[in-house]
Amino acid sequence: MTLVVAGASLAGLRAVESARRHGYRGRIVLIGAEEHPPYDRPPLSKSFLAPHTPARVVPFRSAAELREDLGVDLLLGAPATGLDTGARTVRVGERTIRYDALVIATGATPRRLRGADGLAGVHTLRTAEDALAVRAALDRGARTVVVGAGFIGSEVASAARARGLPVTIVEALDLPLTRSIGPQAGTVCADLHRAAGTGLRLSTAVEGLESAGGAVTGVRLATGEVLPADLVVAGIGVTPATGWLEGSGVTLHERDRGVVCDATLATGAPGVYAAGDVAHVANPLFGGELMRLEHWTGAAEQGAAAARHALDPAAARPLAPVPYFWSDWYGHRIQFVGAPHADEVLVAVPAEAGFTALYRRGDRITGALTVDRPREIMKYRRLIAAAAPWPDAVAFAATTRAAA
């Protein structure tokens, strides 16, 4: 029997580890587009960019450890290029690999700015090479423009300000992270940027890039303003890496072409499961809502479960996780649990006391955001997992506010 894991990501690694931990002794093939063994991506936009820290990316396990300790056949530096679910084969370039069970963990690809191809100084931030290039530019004192006020872009801005460098964030929406955490919390995030000296151009579109000698020199806005820049980082979202799955019979989401899964991570194609950034997974805790989570905890949990279920489908059980993610900006810790789509968002603790917002759907709590209140967030996560009534969550928030 052969287990193929397409994607040398965190989800892919956890799939491999889970298979061995649960007693699978057959062949495992791990396919990765990058030359590196799986490594931790969240630090690339956080601690890796901080000044006076080592510029090194350390894999979770070395290639030798994967081969010798886990018995993995590694195919790195070449992505999966096709899937035949009838023949149960994955194509990698000219090579064809047969599988009995397949875990799709190919992650996502960052969207690029128009006109950025071949222009020095313009980057996305997804891979180790991206992070090294951004870090080097910051260390040289680059004037920085970040396009997109999401978490990665905000973390890049924080790294620039930690060096005392000028940085401006350009965001098409009227507040940062409105789609992710709502306008009330977005207002607090905008205030964090302004307090740190980061320039904000909200409700503003990028018209184009200025350049000289093959390198970026500025960002031209739809308003006509040109922001001088030696470094431009695009944080405008990602697209699931599923081009290789077109025509395979695996169902892809109509909006972003991510892999559609049930609550056990099954895709509907025999023996094929998916995990991590690439997967839209039905979550029974939220009424079966399809969720595509770009979060570390989700990738780790789903990767481990996908391998277990692929190898023993009869024992597969639905996952009902409470999503969790966190971010660090300007010395502030931002944490979110649950789902942001809500009938009501209640500011339970105001910004001057650290900020907590609760998210209600129907008569229960479904989400919580905290800023600089790290001891509370996992308590809210437990309330969400237990489908706690809304009044219970509001009462808990009141006690924590009173104790602050």
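Residues numbered from 1 in each chain as written. Predicted model: local features only at pLDDT ≥ 70, side-chain atom pairs only at ≥ 80, totals over all residues. Heavy atoms only, no water.

Student: Can you walk me through the environment of Arg-135 in this structure?
Tutor: Mapped onto the elements of the fold, Arg-135 is located in helix α3 (residues 128–139). A relative accessible area of 7% means that Arg-135 is categorised as buried. Sequence separation of Arg-135 and Val-156 is 21 residues, and the distance between their C-alpha atoms is 9.3 Å. Beyond its immediate sequence surroundings of up to four residues, Arg-135 is in contact with Phe-48, Leu-49, Ala-50, His-52, Thr-53, Pro-54, Ala-55 and Arg-163. For Arg-135, the side chain forms a polar contact with the main-chain oxygen of Thr-53, separated by 2.5 Å. (Helix = DSSP H or I, 4+ residues; strand = E, 2+ residues; numbered from the N terminus. Buried < 20%, exposed > 50% of the residue type's maximum accessible area, 1.4 Å probe, protein only. Contact = heavy atoms within 4.5 Å. Polar contact = N/O pair within 3.5 Å; in protein donor to acceptor, adjacent residues only side chain to side chain.)

Student: Sorry, what's going on with the environment of Ile-31 here?
Tutor: Residue placement: Ile-31 occurs in strand β2 (residues 27–32). Ile-31 gets classed as buried once you look at its relative accessible area, which sits at 2%. Distance in space between the C-alpha atoms of Ile-31 and Ala-78 is 7.3 Å, their sequence separation being 47 residues. Beyond its immediate sequence surroundings of up to four residues, Ile-31 is in contact with Val-4, Val-5, Ala-6, Gly-7, Ala-8, Leu-75, Ala-78, Pro-79, Ala-80, Val-90, Val-92 and Ile-97.

Student: Before we go on, may I ask you to explain helix α7 (residues 296–311) in this structure?
Tutor: Because an α-helix packs 3.6 residues into every turn, residues spaced three or four apart end up facing the same way. Relative to the 22 Å expected for 16 residues at 1.5 Å per residue, α7 spans 23 Å between its end C-alpha atoms, a close match to the ideal helical length. Among the 16 residues in α7, twelve count as buried, and that is most of the element. Along α7, the residues that are buried comprise Thr-297, Gly-298, Ala-299, Ala-300, Gln-302, Gly-303, Ala-304, Ala-305, Ala-306, Ala-307, His-309 and Ala-310. Here the buried face of α7 lies against α1 (10–21), β7 (101–104), β19 (272–274), β20 (279–283), β22 (324–329) and α8 (377–385). (Expected span 1.5 Å × (residues − 1).)

Student: Just to check I follow, could you spell out the UniProt feature "domain: Reductase C-terminal" (unreviewed entry) in the protein chain for this structure?
Tutor: This chain's UniProt record puts "domain: Reductase C-terminal" (unreviewed entry) on residues 324–394. Secondary structure over residues 324–394 splits into 20% helix and 46% strand, and the C-alpha atoms at its two ends are 20 Å apart. (UniProt positions renumbered as here; feature names shortened; annotations may be inferred.)

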